[in-house]
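Listed here are the chains, written in short residue letters.
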Amino acid sequence: MDYDYKLLMDKAKEAAKMSYSPFSKFAVGASVLTKNGKIYTGCNIENSSFGMTICAERCAIFKAISEGEKEILAIAIYSPNEDDCYPCGACRQVMYEFQGENEITVITEEKENLNIKKLSDFLPYGFKIHG
Ligand code: THU
């Protein structure tokens, strides 16, 4: 489906400015469009106890879900440190959990051009309990 990819990327860029990444110095921002048409943003937040770090994507997704959202339509990911910054494996699985009938669109930026992919490009045969 066609969404406002540029708006989502702009929001991800804005969110990356909030990154708390004193250890890796690798800033990431993400924005999530939900089925209700709302956009939530997140950034990576690191911790002195390194394992407590949360990625930007999960930060944005958890903000959305904790506000009552149930389904994600699209996510934009941006890092000023890396062109075409892709989501880690853990975040791919978390995205999959909140995918509904519409496949999630994943937006990244490469040399100032947007790359538009589907979650299945990153995570084929995802795992979900259909209880
Ligand atoms: N990071 C993200 O925010 N998203 C990803 O998908 C990959 C990694 C963050 C975690 C950590 O703060 C930094 O990037 C370096 O791994």
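Just above, that's the structure.
Residues numbered from 1 in each chain as written. Predicted model: local features only at pLDDT ≥ 70, side-chain atom pairs only at ≥ 80, totals over all residues. Heavy atoms only, no water.

Draft legend 1. How the structure looks around the site of the ligand. Around the ligand lies a shell formed by Ser-24, Phe-26, Val-28, Asn-44, Glu-46, Thr-53, Cys-55, Ala-56, Glu-57, Tyr-86, Pro-87 and Cys-88. Ala-56 is positioned such that a nitrogen or oxygen atom in its backbone is 2.9 Å from an oxygen atom of the ligand. Cys-88 places a polar main-chain atom, nitrogen or oxygen, 2.9 Å from an oxygen atom of the ligand. Here the residues of the shell around the ligand sort into seven nonpolar, three polar and two charged. (Near = heavy atom within 4 Å. Polar contact = N/O pair within 3.5 Å; in protein donor to acceptor, adjacent residues only side chain to side chain. Nonpolar A, V, L, I, M, F, W, Y, C, P; charged D, E, K, R; others polar.)

Draft legend 2. Inspection of unusual backbone geometry at higher detail. You will see that Glu-112, though not glycine, has its phi angle at about 65°, which is positive. The phi dihedral of Tyr-125 is positive, around 55°, even though this residue is not glycine. Residue position: Tyr-125 is located in the segment after helix 4 (119–122). (Helix = DSSP H or I, 4+ residues; strand = E, 2+ residues; numbered from the N terminus.)

Draft legend 3. Molecular detail of helix 3 (residues 89–97). Listed in full, the buried residues belonging to helix 3 are Cys-91, Arg-92, Val-94, Met-95 and Tyr-96. Contact partners of the buried residues in helix 3: helix 2 (56–66), strand 3 (72–78) and helix 4. (Buried < 20%, exposed > 50% of the residue type's maximum accessible area, 1.4 Å probe, protein only. Contact = heavy atoms within 4.5 Å.)

Draft legend 4. The arrangement of the pairing of strand 1 (residues 29–34) in detail. Taking burial as the measure, the six residues of strand 1 include six buried ones, the bulk of the element. On strand 1, burial covers both faces: Gly-29, Ser-31 and Leu-33 on one face and Ala-30, Val-32 and Thr-34 on the other are all buried. As paired strands, strand 1 and strand 2 (residues 39–43) are joined by five bridges and run antiparallel to one another. The residue bridging Leu-33 from the neighbouring strand is Ile-39, located in strand 2. For strand 1 and strand 3, the ladder comprises six bridges, and the chain directions are antiparallel. Within the sheet, the bridge partner assigned to Ala-30 lies in strand 3 and is Ile-77. (Pairing = 2+ DSSP bridges.)

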